[in-house]
Amino acid sequence: MSPSNVLFLVILLLAIGFFVYNVQRLIAYLRVGKPDSRTGEPLARLKNVFVIALGQRKMFREPAAGVMHALIFWGFIVLTLGTIEILIEGVWAPFSYAMVFPGPLYSAYALSQDAFALLVLGAIGFAFYRRLIVHPKRLEGDETEHTDALLILGMIGALMLTLLLTGAFLHVLAPDVVPPEKMISRALGEGLGWVGADTARTGYLLNWWVHALLILGFLNYLPYSKHLHIASSIFNVYFSNTTGPGPIGVMRPMDLEAEDVEQFGASDVEHLTWKNLLDGYSCTECGRCTAACPANITGKVLSPRKIVINVRQRLMEKGPLLTGDTGELFSPTLVHGEGGDAGNETVGAVLGHRLLDNYITEEELWQCTSCRACVVECPVSIDQLEVINELRRHLVLSESRFPPEIQPAFESLERNGTPWAFSPTDRAAWAEGLAIPTMAEKLARGERPDVLFWVGCMGSFDDRAKRITVAFARIMQAAGIDFAILGQEEKCNGDPARRMGNEYLYQMLARDNVELLDRYQVRTVVTICPHCFHQIGNEYPQLGGDYEVIHHSTYIARLIEAGRVTLRGADGVDSITYHDSCYLGRYNDVYDAPRETLRRALPIVKVTEPPRTRSRGLCCGAGGGRMFMEEHQGKRINVERTEELLATGAGAIAVACPFCMTMMTDGVKAKGADVPVLDIAEVVEKALSR
Amino acid sequence: MANVLAFAESRAGALRKVALEAVTAARALADTAGGGEVHAIVAGAPGIAGEAPRLGAHGADRVVAVEHAAFANYDPESIAATVAERAKSGGYRAIIFSASAQGRDLAPRVAAKLGVGMLSDVISLEVSGDAIVAKHPAYANKVIATVAVTGSPAIVSLRPNAFTPVENARAGTVESAQPAADPGASRVVVRETIKGSSTRPDLTEAPVIVSGGRGLKAPENFKLVEELAEAFGNAAVGCTRAVTDDGWRPHSDQIGQTGRVVSPQLYVAVGISGAIQHLAGMRTSGTIVAINKDREAPIFKVADYGIVGDALQIVPALTKAVREARRHG
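Visitor: Account for helix 1 (residues 17-32) of chain B, naming residues and giving values.
Guide: Residues and elements named next belong to chain B. Taking 1.5 Å per residue, 16 residues should reach 22 Å; helix 1 reaches 23 Å between its end C-alpha atoms and fits that length. Counting buried positions over the 16 residues of helix 1 gives 13, a clear majority of the element. In the segment just after helix 1, Gly34 is the residue with positive phi, at about 115 degrees.

Visitor: Could you give me a rundown of the nonpolar core, with the residues and numbers involved?
Guide: Side chains of a nonpolar character, in soluble globular proteins, are inclined to be buried together. The biggest cluster of nonpolar side chains holds 184 residues, and the ones touching the most others in it are A:Ala654, B:Val210, B:Leu228 and B:Val270. Per-element accounting of this core gives the leading share, seven residues, to helix 21 (residues 463-478) of chain A. The residues touching B:Val270, leaving out its near neighbours within four places in the chain, are B:Val210, B:Ser211, B:Gly212, B:Gly213, B:Gly215, B:Leu216, B:Val225, B:Ile291, B:Ala311 and B:Val315. Core analysis: the second largest hydrophobic core is formed by 56 residues, B:Val23, B:Val42, B:Ala60 and B:Ile96 among them.

Visitor: Explain the pairing of strand 5 (residues 62-67) of chain B residue by residue, including any values.
Guide: Residues and elements named next belong to chain B. In terms of residue burial, strand 5 counts as a mostly covered element, since five of its six residues are buried. Pairing analysis gives six bridges linking strand 4 (residues 38-44) to strand 5, with the strands arranged parallel. Following the sheet pairing, Ile41 is matched in strand 5 by Val64. With respect to chirality, the unit in which strand 4 leads through helix 2 (residues 52-57) into the neighbouring parallel strand 5 is right-handed. For strand 5 and strand 12 (residues 173-177), the ladder comprises five bridges, and the chain directions are parallel. The partner of Val64 across the bridge, within strand 12, is Glu175.

Visitor: Tell me what's going on with the sheet that holds strand 8 (residues 124-128) of chain B, and back it up with residues and numbers.
Guide: Residue and element names in this part refer to chain B. What the three strands build is an open sheet, ordered 8-9-10; its pairing is antiparallel. Strands at the two margins of the open sheet, each flanked by one partner only, are strand 8 and strand 10 (143-149). Pairs of neighbouring strands in the sheet enclose a mean axial angle of 25 degrees, with direction left out of account. Examined bridge by bridge, strand 9 (residues 131-138) and strand 10 share seven bridges and lie antiparallel to one another. Within strand 10, the residue paired with His136 across the bridge is Ala145.

Visitor: Lay out unusual backbone geometry in plain terms, naming residues and giving numbers.
Guide: With an omega of 5 degrees, the peptide bond between A:Gly244 and A:Pro245 qualifies as cis. Its location among the elements puts A:Pro245 in the loop between helix 8 (229-239) and helix 9 (274-282). Along the chain, B:Ser152 connects to B:Pro153 via a cis peptide bond; the corresponding omega equals -5 degrees. Its location among the elements puts B:Pro153 in the loop between strand 10 and strand 11 (154-158). For A:His135, which is not glycine, the phi dihedral falls at a positive 50 degrees. With respect to the helices, strands and loops of the structure, A:His135 is situated in the loop between helix 4 (103-134) and helix 5 (146-173). Here A:Asp589, not a glycine, exhibits a phi torsion of approximately 55 degrees, which is positive. Relative to the assigned elements, A:Asp589 resides in the loop between strand 5 (575-578) and helix 26 (592-601). C-beta crowding within 10 Å serves as the criterion here: with 13 such atoms nearby, A:Asp589 is assigned to the partly exposed category.

Visitor: Which residues make up the sheet that holds strand 13 (residues 208-212) of chain B, and what are the values?
Guide: Residues and elements named next belong to chain B. Overall, parallel pairing links the five strands, which are arranged 14-13-15-16-17 in an open sheet. Across the chains shown, the open sheet's two edge strands, defined by having one partner strand only, are strand 14 (235-239) and strand 17 (305-308). Direction aside, neighbouring strands of the sheet carry axes that sit 15 degrees apart on average. With four bridges joining them, strand 16 (residues 287-292) and strand 17 adopt parallel strand pairing. If you follow Asn292 over to strand 17, its bridge partner there is Val308. Here helix 9 (residues 311-328) sits on the sheet and contacts strand 15 (266-270), strand 16 and strand 17; the angle it forms with strand 16, its principal contact strand, is near 135 degrees.

Visitor: I'd love a proper account of the interface of chain A and chain B, names of residues and values included.
Guide: With 20 residues of chain A at the interface, the matching set in chain B holds 17 residues. Every element with two or more residues in the side of chain A that touches chain B is listed here: helix 18 (407-416) and helix 28 (658-670) of chain A.

Visitor: Quick one: what's the story with the packing of helix 21 of chain A against helix 29 (residues 680-687) of chain A, residue by residue and with numbers?
Guide: All names here are of chain A. Axis separation between helix 21 and helix 29 bottoms out at 8 Å; the angle between their running directions is 50 degrees. Relative to helix 29, the element helix 21 lies oblique. Judged by the sense of rotation from one axis to the other, the crossing of helix 21 with helix 29 is left-handed. Residue-level inspection shows Arg467, Ile468, Ala471, Phe472, Arg474 and Ile475 of helix 21 in contact with helix 29, the latter providing Ala681, Glu682, Val684 and Glu685. A class-by-class count of the residues in the contact of helix 21 with helix 29 yields six nonpolar, no polar and four charged.

Cut-offs used in this document
- Along every chain, residues carry numbers that run from 1 in the direction the sequence is written.
- A letter from A marks each chain and a number from 1 marks each ligand, given out in the order of writing.
- Given that this is a predicted model, residues contribute local features only at a pLDDT of at least 70 and side-chain atom pairs are listed and counted only at 80 or more, while totals for whole chains, interfaces and linings are drawn from all residues.
- Going along the chain from the N terminus, every DSSP run of H or I of four or more residues is numbered as a helix, and every run of E of two or more is numbered as a strand.
- A helix's residues, less one, multiplied by 1.5 Å, set its expected span.
- Note on burial: count the other C-beta atoms lying within 10 Å of the residue's C-beta; 20 or more is buried, 12 or fewer is exposed, in between is partly exposed, and C-beta positions come from the backbone.
- Each nonpolar core comprises buried Ala, Val, Leu, Ile, Met, Phe, Trp, Tyr and Cys residues, the members being joined through C-beta atoms within 7 Å.
- Residue pairs qualify as contacts under a 7 Å threshold applied to their C-beta atoms, which are placed from the backbone.
- Two strands form a pair only when DSSP identifies at least two bridges running between them.
- Crossover handedness is defined by viewing with both strands directed away from the observer: a clockwise path from the first strand over the helix to the second marks the crossover as right-handed.
- Axis geometry follows a simple rule: fit a line to the C-alpha atoms, using only the stretch in contact for helices, then measure angles between N-to-C directions, giving values from 0 to 180 degrees.
- Angles below 35 degrees are treated as roughly parallel, those above 145 as roughly antiparallel, those between 65 and 115 as roughly perpendicular, and all remaining angles as oblique.
- A clockwise turn of the near helix away from the far one marks a right-handed crossing, whereas an anticlockwise turn of less than a right angle marks a left-handed crossing.
- Each residue gets one label: Ala, Val, Leu, Ile, Met, Phe, Trp, Tyr, Cys and Pro are nonpolar, Asp, Glu, Lys and Arg are charged, and the others, such as Gly, are polar.

Right, here's the structure in full:
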């Protein structure tokens, strides 16, 4: 071993050691979070890793930036192979993969190194262009780390250049050593043919060392940078549930009976799960979530990206204290009660504030519509919404802090089983004269209907929504479906209470409903409300309620498909646009059924799409209990969405959710437009041939 | 003989209408219970004793005036202590409050200090043997609960507008009293009072409310609603969420699920379609009159009287008719 080999070995071991030290420190911080089992269904998780992480699928939701990132990412994977070669070479100079790889494989390897170095360089150039010239809006705001980003881009660029130049100078020195597949290195070497041998040797050594040291520097810079995502994202995707395994978008179960629990919801990092904290490590502040957030789009302070950054910032602040990590290397003041007054002061300051209020304000939290646009958009499967939901739970359950205007909704949910102060006795008033039996009546006759029609509060009490209810009931009658309703026994499914953080009220309602449904031995539930659909189908299993729940869009599509209803085609409009409901689309992946239903019911009518559609559809503004809150800041979300829908020029707006119906109808009125808003059931009912 | 104490609510040195309602109800109760005296207790800044004659005119035999500079603002702790102290020494059968914002705060405090039962949000009050029997609405006005208390004194809070002030002149002898607890030591400090924009009666107290929706088309057309309210003389102006969202009116005027919940004797809905959000705040009103151009509008389902047509033409005509009727009335 030459002295330079020894020197490199020492540097390499130090660098690896320091990286390992930081990794164990960061893992220790993760342990501050609450346990959460994320190991089940490994095949589904591996699939996510292949599709979302390695396949970069979500990156391509924005094509230009997606290609840029994918090239850098794939480049990294390919070039890491080369990096290993270089590191071994540093310790034992004669090493080359040519010694271990068969010929063709080595050729492919050699080609890939040069090719990807060039591709990555191109992508880095584009990245600099975006950051320095274009300034995309989503990269701004939320105290994002611009210097960090430029530094990392610079490092990667330098790595690529030194890699190619090492090859180039080597080619000058020894034309036979650089394999012919490294065409770019060789071409550069040809261009450098005029330099002398000494200069070439110096150039070679200099570039080799700079490259190798940059690799090690880069590795150890990561734990101090938002670019930690390079190390954490693949793990984050593996452990995520945002695209499954399991039903997506469900809120975490909560045991309100547990006697040892003193904290409901979260007010600081230690109340979140380790996965929420890992999300913090995995955010590289790309801002795709915030750019998709309906609250943020309409000028409100909520930014999902900020929520995630705040979790990381707070963890970095409090983690050392909670783990007993004295952090002597970097922050000697963060010592448990030691280290003099300065230490105590810092400790006091850290303990004196928390994630809620000091980082994330109440105002931000209540602006969320729970639409899941942020979660769906995140390329590394971060769940911003879970943090928001947990903080809301803390606000309501532990501190009784919530916007005053939701008090009547809570009160009425408790008293009347519906968020509006309407009497349960009026719940089935819409069904008068329609000859629709209740479950109780069916049971009295010794019958069990095939299907329970779960109407929901909007469909029961809101005059406009009642027309949807009636339309759907008529469709089922026309199809000869044996169905019944619960009538006065039905209660709110609990979704508004749960999304507004009132888990206690939610469980009260949900348990009553589960008991009721089980008493009637209900198997199949159809509903016109996506919130009921999601809640009963995906969240009631947490409370032991297992039913097949079908949204009416899917149910109608199936009836049409099976020929149970025949349509004669409707007249009136010549084009219609469809507004996606969040709880149907992003929560349950139902995008096609409502569109298919529209096409079948209106065969000659053009179905137009607004620019933001399907999984990118903009929320109507009513989700997450926002229906029961005031919108104090910025533009109204429903107006923003209505404008997009009106801009398609369609003659009518179709919806598949009674909350969307209210919001879009209000939006159309606010714009003074004369465009009808129709539920898909109403469209179909009008087209029934009878 | 059973004396009754009425708490006479005041604001900014003047009695509120609910004070006269409380005294009237106290008078009726004392009379049916065998003709005891009615004592009205009023707390305010020095000068509040000047309101005593009005309490006398509505049936107070004696007016206990507690004057203190700190009572320029409502001070829950000290006033509750003072009323409780008076109750202990007076041997009252009942103490009557209004279920107004102040009364809802004060009555339970006094009940707790005295360790006695309380009847809240009462709409009718009578004596039956040993008991005081009250009716109060429950479950979003779907049922009327009848509740009896036998303990003494019974603490009662009256739903505003449920009792109409009636003149029934008594001596109204003024007796001044000191606060039973130092108002200066109160833990409640009023830093600022932010007034709503309207000079009209408070929405939750007004017997008549004229309310406007987006059907008015433009903020300037709200003056039609204001003129109609003006014509009634005792009407407050309300509006829908859509109107506050568009910034035509302040949020304090909003009636509905996320605004105020009201129950006036007469509710006039102008250009309001009757979305569930709005209905949740006014459905229990006595008589509902709706004006809307869309005959399918849900508001007509809850309305007792409906006019289908353009609000911009109908409201001025209605205003004129109300003015005429009051001139001749």
